[in-house]
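For reference, the chains in residue letters:
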Amino acid sequence: MKRADLLFEGQPVTLTEMLQAREQRVIRQHRMLGLYCQPLVSFTLVAPGPIKNSPAWRDVAEAARKAVLTLCQRYDWRIEGNVECFANSGPEWMIAICAPSIRLKEVLVELERMHPLGRLWDLDVINEVGTAISRRELGLPARRCLICEKDAHLCARARTHSLAMLLDDVARRIESYERNTDD
């Protein structure tokens, strides 16, 4: 079985499960902000289609976690706490990091841009008072579509690209990464 086929191994997620996952994520974010009073990195996947938690998606999430931890070491940013969640809605994790929230967002946007799997990651930064730091605040454009150069939200809303095309692109990214890494 090709590694990319593992994208399709899993239980399809329902809209209700996705909405519940978002609600639970916000609760976890508030809890962590209250505990640590530090900026949070909140990770989710950019995972088109109904299957969000599969062996391949868990590997993509783990690659993101390792990349963020490596950046924390590089910048000497202390990790105050972390929590992981592996629901049907997809792997998630968040980390409270002792770092300036704007700088943290800048570094993570660059990581998403430069890492071979980075386009499949959604690394949100929430400052210590609970406000998400947007790309717009950094003077950056919205994230680009997986397939074309248009705004990702516009393509998603208009369903510009077929699910098969999106999943083929995701599979290609994962397979290319795995061919070119020793992980």
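Keep in mind it's a predicted model, so treat the numbers as computed, not measured.

Asks: Which residues make up unusual backbone geometry, and what values go with them?
Replies: Phi is mostly negative for residues that are not glycine, and the peptide bonds are mostly trans. Despite not being glycine, Cys 37 shows a phi value in the positive range, around 50°. Tracing the backbone through its elements, the reader meets Cys 37 in the loop between α1 (15-36) and β1 (40-45).

Asks: So what's going on with α1? Residues and values would help.
Replies: In this model, α1 (22 residues) spans 31 Å end to end at C-alpha, consistent with the 32 Å of a helix rising 1.5 Å per residue. Turning to α1, its buried residues number three or more, namely Ala 21, Arg 25, Arg 28, Gln 29, Met 32 and Leu 33. Buried residues of α1, viewed axially, fall in a sector of 135°; they line one side. Turned more than 90 degrees off the buried face of α1, the exposed positions are Glu 23, His 30, Arg 31 and Gly 34. Elements that come into contact with the buried residues of α1 comprise β1, β2 (78-87), β3 (90-98) and β4 (121-126). Cys 37 occupies a position one or two residues after α1 and carries a positive phi of about 50°.

Asks: Talk me through the sheet that holds β3; I want residue IDs and the actual numbers.
Replies: Strand order in the open sheet made by the 5 strands is β2-β3-β1-β4-β5, with antiparallel pairing throughout. The sheet is open, and its two borders are formed by β2 and β5 (132-133), each paired with just one other strand. Note that β1 and β3 share 4 bridges and pair antiparallel. Along β3, the bridge assignment pairs Ser 42 with Met 94.

Asks: I'd like a rundown of the layout of surface pockets, residues and numbers included.
Replies: When its volume is computed, the largest pocket comes out at roughly 1,700 Å³. Elements with a contribution of two residues or more to the lining of the largest pocket: α1, β1, β3, α3 (101-114), β4, β5, α4 (152-158) and α5 (163-179). Looking at the lining of the largest pocket element by element, the count peaks at 6 residues for α1. If you add up the space inside the second largest pocket, you get close to 350 Å³.

Asks: Report on the state of the cysteines, specifying residues and quantitative values.
Replies: Tallied over the full model, the rule gives 0 disulfides. No disulfide involves Cys 72; its sulfur sits 10 Å from the nearest other cysteine sulfur, which is in Cys 98. Accessibility expressed as a relative area gives 3% for Cys 72, which makes it buried. You can call Cys 98 partly exposed: its relative accessible area is 27%.

Asks: Tell me about helix α2 (residues 55-75), and name the residues and values.
Replies: Look at α2: 31 Å from first C-alpha to last across 21 residues, which is about the 30 Å you get at 1.5 Å a residue. Considered for burial, the residues of α2 that qualify are Ala 56, Trp 57, Val 60, Ala 61, Ala 63, Ala 64, Ala 67, Val 68, Leu 71 and Cys 72. Of the surrounding secondary structure, the elements contacted by the buried residues of α2 are β1, β2, β3, α3, β4 and α5. With its phi angle positive at about 60°, Asp 76 sits one or two positions after the end of α2.

Asks: Give me the lowdown on the pattern of salt bridges, citing residues and values where you can.
Replies: Considering all chains together, one arrives at 10 salt bridges under this definition. One salt bridge in this structure joins Arg 65 and Glu 84, with 3.9 Å as the shortest N-O distance. Here Glu 84 lies in strand β2 and Arg 65 lies in helix α2, a separation of 19 residues in the sequence. A residue is classified by how much of its surface remains accessible, and Arg 65, at 23% relative accessible area, is partly exposed. Look at Glu 84 and you get partly exposed, because its relative accessible area is 41%. A cluster of three or more residues bridged by salt bridges with shared partners is formed by Arg 25, Arg 28 and Glu 92.

The rules behind these values
Residues numbered from 1 in each chain as written. Predicted model: local features only at pLDDT ≥ 70, side-chain atom pairs only at ≥ 80, totals over all residues. Heavy atoms only, no water. Helix = DSSP H or I, 4+ residues; strand = E, 2+ residues; numbered from the N terminus. Expected span 1.5 Å × (residues − 1). Buried < 20%, exposed > 50% of the residue type's maximum accessible area, 1.4 Å probe, protein only. Arc of directions from axis to C-beta. Contact = heavy atoms within 4.5 Å. Pairing = 2+ DSSP bridges. 1 Å grid on protein atoms, 1.4 Å probe; cavity = no way out; pocket = protein on both sides within 12 Å on 5 of 7 lines; lining within 4 Å. Points joined across faces, edges and corners; volume = space filled by probe spheres on them. Disulfide = S-S within 2.5 Å. Salt bridge = Lys/Arg side-chain N within 4 Å of Asp/Glu carboxyl O.

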